[in-house]
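Analysis of the macromolecular model
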Amino acid sequence: MNQFQQPKRKYTAEFKADVLRLVANGEPIMAVARKMGISDSLIHAWRKADGKGEKKTDQSLQQEVDNLRKQLRQAEMERKILKKAVAIFSRQT
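None of these values were measured; they are calculated from a predicted model.

**Section: the overall build of the chain**
Tallying secondary structure elements over the chain gives four helices and zero strands in all. Listing each helix as α and each strand as β along the chain from the N terminus yields α-α-α-α. Burial statistics for the chain: of 93 residues in total, 11% are counted as buried. Partitioning the intrachain contacts of the chain with sequence separation of at least 6 by distance along the chain shows that 30% fall at a separation of at least 24. Accessible area for the chain stands at about 8,700 Å²; split by element, carbon and sulfur atoms hold 54% of it.

**Concerning the pattern of salt bridges**
Throughout the structure, instances matching the rule amount to two salt bridges. Residue Lys-35 is joined to Glu-27 by a salt bridge in which the shortest nitrogen-to-oxygen separation is 3.2 Å. Judged by relative accessible area, Lys-35 falls into the exposed class, the value being 52%. Relative accessible area serves as the criterion here: at 28%, Glu-27 is assigned to the partly exposed category.

**What about the nonpolar core?**
Ranked by size, the top nonpolar core spans nine residues in total: Val-19, Leu-20, Val-23, Ile-29, Val-32, Ala-33, Ile-38, Ile-43 and Trp-46. Listing elements by their share of this core, those giving two or more residues are α1 (13-24), α2 (29-36) and α3 (40-50). Contact partners of Val-23, with chain neighbours within four places excluded, come to Ile-29, Val-32, Ile-43 and Arg-47.

**Comments concerning the packing of aromatic side chains**
With the rule as written, the count across this model stands at three aromatic pairs. Each ring, one from Tyr-11 and one from Phe-15, has its centre 5.3 Å from the other, and the planes form 15 degrees; the classification is stacked. With relative accessibility at 23%, the residue Tyr-11 sits in the partly exposed group.

**A closer look at a positive patch on the surface**
A surface patch of positive charge is lined by Arg-79, Lys-80, Lys-83 and Lys-84. For Lys-84, a relative accessible area of 58% puts it in the exposed group.

Thresholds applied
Residues numbered from 1 in each chain as written. Predicted model: local features only at pLDDT ≥ 70, side-chain atom pairs only at ≥ 80, totals over all residues. Heavy atoms only, no water. Helix = DSSP H or I, 4+ residues; strand = E, 2+ residues; numbered from the N terminus. Buried < 20%, exposed > 50% of the residue type's maximum accessible area, 1.4 Å probe, protein only. Contact = heavy atoms within 4.5 Å. Areas by Shrake-Rupley, 256 points an atom, 1.4 Å probe, with all protein chains shown as cover. Salt bridge = Lys/Arg side-chain N within 4 Å of Asp/Glu carboxyl O. Core = buried A, V, L, I, M, F, W, Y, C linked by side-chain atoms within 4.5 Å. Phe/Tyr/Trp six-rings, centres within 6.5 Å; stacked < 30°, edge-to-face > 60°. Patch = residues over 30% accessible without salt bridge, like charges linked within 9 Å, V, L, I, M, F, W, Y side chains within 5 Å. Lys, Arg positive; Asp, Glu negative; His and termini not counted. Charge placed at Lys NZ, Arg CZ, Asp CG, Glu CD.

If you want it as structure tokens, here you go:
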């Protein structure tokens, strides 16, 4: 082994699962890599090996669309309520 090469580190399955879970929850790969002290290319390799890369199934996409539509309806309802509240409180007595 060359004096400049570092020995390969071994990572536990739990560590890999934690890293992949952070990425799956929406954290950027670069941020997770920095936080965990590993390279981003290693995370990409683990995702590829895990088989859960960037591809989403039709079912998961439909579920995400449904969740977003529900959030949109909630936000629209809140906006209507706030508009009515502003109209009520802005009246001069």
